[in-house]
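# Architecture and fold: a report
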Amino acid sequence: MRSMGGQMRVTNGQMLSSLNFERVAALEDEFQVATYKKMPIVAERGQGVWIYASDGDRYLDLYGGHAVAGTGHCHPLVATAIKEQAEKLLFYSNLVYSETRARAAEKLVLIAPGRLTKAFFCNSGTEANENAMRMARMATGRESVITFNGGFHGRTADAISATFLGKYRHLGRPNVPGHLPAEFDNLESVRALADDSVAAIMLEPIQSMAGVRMAAPSFYRELRELCDARGIVLIYDEVQTGIGRTGEWFFAGSPAGDGVIPDIITLAKALGSGIPVGACLVTGKLASHIKENDLGTTFGGGMIAMAAVTATLEAIENDRMLENVVSVESHLRERLKEIEQVVKVRGRGFLLGLEFAGKVKPIHEALLERKIITGASSDAKVLRLLPPLCLGKEEVDILVETLNQSLSKQ
């Protein structure tokens, strides 16, 4: 057997090939449809906040694979739960009852803000948003949906039509009709659109890809009051902000949003620690409008995903990750005061946007060269941090010191 450009190694009596970077990149480029521009890393394994590449390099992961690695890479509790479930039953659909699914739904609802008492499981954030809008239309008998300039809600037909950010909506043409864009943090722009044709108002409470933009707490309260007055369903897209990322389980109900609780919260990303899973948390009143066969999903609520959900929530609780997020965020903000090029730190918890005086692309690239993975945004001056919730102060110090070194050479 030839090595295909890499090293041969023996594991449990079997020969495995470890391909070098050039060979892996060539294979993916040849056989995979293009998606993102990729970093020059062959990710081989992960532990906590670290990713280990096939060439032996170690990277500090402050991006979490699009905010997915909430509990850190390969958290032992999550990995064990997945393994144990895989050995019992990989999958059966919602046509049968499942203890694993029942426990996941109970666990998720118990941490949800007060009025949200029902869970619907699906496979991704965009699917959660599609179903949330569908539920709102079913409950109200209306069709239009208001979303916001700068918001991102996914790439499937209805979700990308609700996305008014850069080129994304254009990529989804022909768009689903009935989507109306309002200005974020501008209630009057919402009020002007919110007539009796509007089923829902949907927003990311922190607009991540737009550069980690937040509204004033009063804006969320006024949206809630407007929806109540006009019979409109309020949807929080918490695909990124949910499951502990802001230092609370959810942005909904938190002081940053004036304690407002929407009618639906959509979730994905960190919900399964890397196992694909999405969810909608829904009020009992709204759920009462949903009858059998109104919604459906083949893989949503599958046993592997449900085991991952329960273990993810337990890992966050057991390791006191919410408290860690609050503490480490404070430390990071304090350390960033040392870097004069950082003019503002946006966001909450571990969804942070570092606004620089100039463009961040050279900074992003310099950090990657020094083995630190961060994220960009549609705002050319904002660097995004979406690290695992187990990030420690020691890793923050590595980031700040590396930033200082990088900026001193620019």
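### Considering the pairing of strand β3 (residues 43–47)
In this sheet, strand β4 (residues 50–53) lies alongside β3 in antiparallel orientation, the contact comprising four bridges. Its bridge partner being in β4, Q47 is matched across the sheet by W50. Remark: two residues form the turn of the hairpin made by β3 and β4, two consecutive strands paired antiparallel; G48 in that turn has positive phi of roughly 60°.

### A few points about the sheet that holds strand β15 (residues 342–348)
With antiparallel pairing, the three strands of this open sheet are ordered in space as β15-β16-β18. At either end of the open sheet lies a strand with only one pairing partner, and these are β15 and β18 (382–385). Taken pair by pair, the neighbouring strands of this sheet meet at an average axis angle of 20°, ignoring direction. With four bridges connecting them, strand β16 (residues 351–356) and β18 associate as antiparallel partners. Among the inter-strand pairings, E355 is bridged to a residue of β18, identified as V382.

### Focus: the sheet that holds strand β17 (residues 372–373)
Ordered by their spatial adjacency, four strands build an open sheet running β3-β4-β5-β17, and the pairing between neighbours is mixed. Each edge of the open sheet carries a strand with a single partner, namely β3 and β17.

### Structural notes on unusual backbone geometry
At the junction of R173 and P174, the peptide bond is cis and its omega measures out at 0° in the coordinates. Note on placement: P174 falls in the loop between α7 (168–171) and β8 (179–182). For I243, which is not glycine, the phi torsion reads 60° and is therefore positive. Following the sequence through the fold, I243 ends up in the loop between β12 (233–237) and β13 (264–267). In the Ramachandran plot, K371 falls in the positive-phi region, its phi being about 70° despite a non-glycine side chain. Assignment of secondary structure puts K371 in the loop between α13 (361–369) and β17. Taking relative accessible area as the criterion, K371 reaches 27% and is therefore assigned partly exposed.

### Describing the packing of aromatic side chains
Per the stated rule, a full pass over the model turns up nine aromatic pairs. When the ring of F152 is compared with that of Y168, the centres are 5.0 Å apart and the planes differ by 70°; the resulting orientation is edge-to-face. With F152 in the loop between β7 (144–148) and α6 (157–161) and Y168 in helix α7, the pair connects residues that are 16 residues apart, well separated along the chain. Exposure class is identical for F152 and Y168. Each is buried. A network of ring pairs unites the aromatic residues F148, F184, F219, Y220, Y236 and F251 as a single cluster. It is R45 that lies over the ring of Y52; its NZ or CZ is 4.0 Å from the centre. In this arrangement the basic side chain of R58 is found over the ring face of W50, its NZ or CZ atom lying 3.5 Å from the centre.

### Re the confidence of the model for the chain
Mean pLDDT over the chain stands at 94; residues scoring 70 or higher make up 96%. Taken as a whole, residues 1–17 scores under 50 in pLDDT and shows 24 contacts with residues more than four places along the chain or in a different chain.

### Things to note about the side chain of T246
Tracing the chain through its elements places T246 in the loop between β12 and β13. Among residues more than four places away in sequence, those in contact with T246 are I206, T241, F251, V325, R348 and G349.

### Concerning empty space enclosed by the protein
Empty space among the atoms becomes visible once a probe the size of a water molecule is rolled across them. Enumeration over the complete set of coordinates arrives at one cavity of 30 Å³ or more. Looking at the lining of the largest cavity residue by residue, the class counts come to seven nonpolar, no polar and one charged.

### Considerations on a nonpolar patch on the surface
On the surface, a cluster of nonpolar side chains totalling about 400 Å² of accessible area is made up of L89, Y92, L95 and V96. For L95, the position within the fold is in the loop between α3 (76–88) and α4 (99–111). Classification of L95 as exposed rests on a relative accessible area of 77%.

### Some words on the pattern of salt bridges
With the rule as written, the count across this model stands at 18 salt bridges. For D228, the salt bridge identified is with R224, shortest N-O distance 2.9 Å. Note that D228 and R224 are positioned in helix α9 (residues 217–230) at a spacing of four residues, about one turn of the helix. For R224, a relative accessible area of 7% gives the class buried. Put simply, R335 and E338 hold a salt bridge, and the shortest N to O gap is 2.6 Å. Here the salt bridges do not stand alone but share partners, grouping R115, R224, D228 and D263 into one network.

Parameters at a glance
- Residues numbered from 1 in each chain as written.
- Predicted model: local features only at pLDDT ≥ 70, side-chain atom pairs only at ≥ 80, totals over all residues.
- Heavy atoms only, no water.
- Pairing = 2+ DSSP bridges.
- Helix = DSSP H or I, 4+ residues; strand = E, 2+ residues; numbered from the N terminus.
- Axes fitted to C-alpha atoms, helices over the stretch in contact; angles between N-to-C directions.
- Buried < 20%, exposed > 50% of the residue type's maximum accessible area, 1.4 Å probe, protein only.
- Phe/Tyr/Trp six-rings, centres within 6.5 Å; stacked < 30°, edge-to-face > 60°.
- Lys NZ or Arg CZ within 6 Å of the ring centre and 35° of its normal.
- pLDDT = per-residue confidence, 0-100.
- Contact = heavy atoms within 4.5 Å.
- 1 Å grid on protein atoms, 1.4 Å probe; cavity = no way out; pocket = protein on both sides within 12 Å on 5 of 7 lines; lining within 4 Å.
- Points joined across faces, edges and corners; volume = space filled by probe spheres on them.
- Nonpolar A, V, L, I, M, F, W, Y, C, P; charged D, E, K, R; others polar.
- Patch = residues over 30% accessible without salt bridge, like charges linked within 9 Å, V, L, I, M, F, W, Y side chains within 5 Å.
- Areas by Shrake-Rupley, 256 points an atom, 1.4 Å probe, with all protein chains shown as cover.
- Salt bridge = Lys/Arg side-chain N within 4 Å of Asp/Glu carboxyl O.

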